[in-house]
Amino acid sequence: EMSASLVGSEMCIRDSLSVLADTGVNREVLKSGIDLLNRLIEKKKESADNYYNVLGRYYLLYGDEERGNRYKLEGERVEAQKRARFGDLMNAFEK
């Protein structure tokens, strides 16, 4: 359900994250990803892109459970807002 509402850039990052998790990437690479996502979020505050879920996963892989869970919840909140605003349109694409 969530993947149906992701835009292209979010899907690329999500898929890259799966590869990182599977290959056991080092902490410096994860930190670079965290920094990049934080910059993207700051730049696109009012954008349709939702990087919070991905950022939460990066933090969890990095070992920061508190931030990981906080950003995961924020991502879910943003997705819920998008569903409330664009639910009919999103549902049409899911079918």
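Residues numbered from 1 in each chain as written. Predicted model: local features only at pLDDT ≥ 70, side-chain atom pairs only at ≥ 80, totals over all residues. Heavy atoms only, no water.

Details of the confidence of the model for the chain
- Overall, the prediction assigns the chain a mean pLDDT of 75, with 62% of residues at 70 or greater.
- Per-element confidence in the chain is highest for helix α3 (residues 52-62), whose mean pLDDT is 86, and lowest for helix α1 (residues 8-23), whose mean pLDDT is 62.
- Segment residues 1-6 is flagged for pLDDT under 50; beyond a separation of four residues in sequence, or across chains, it makes 13 contacts in the model. (pLDDT = per-residue confidence, 0-100. Helix = DSSP H or I, 4+ residues; strand = E, 2+ residues; numbered from the N terminus. Contact = heavy atoms within 4.5 Å.)

What to know about the nonpolar core
- In this structure, L30, I34, L37, I41, Y51, Y52, V54, L55, Y58, Y59, Y71 and V78 together form the largest nonpolar core, which totals 12 residues.
- Contributions of two or more residues to this core are made by α2 (27-43), α3 and α4 (65-94).
- With 5 residues, the single largest contributor to this core is α3. (Core = buried A, V, L, I, M, F, W, Y, C linked by side-chain atoms within 4.5 Å. Buried < 20%, exposed > 50% of the residue type's maximum accessible area, 1.4 Å probe, protein only.)

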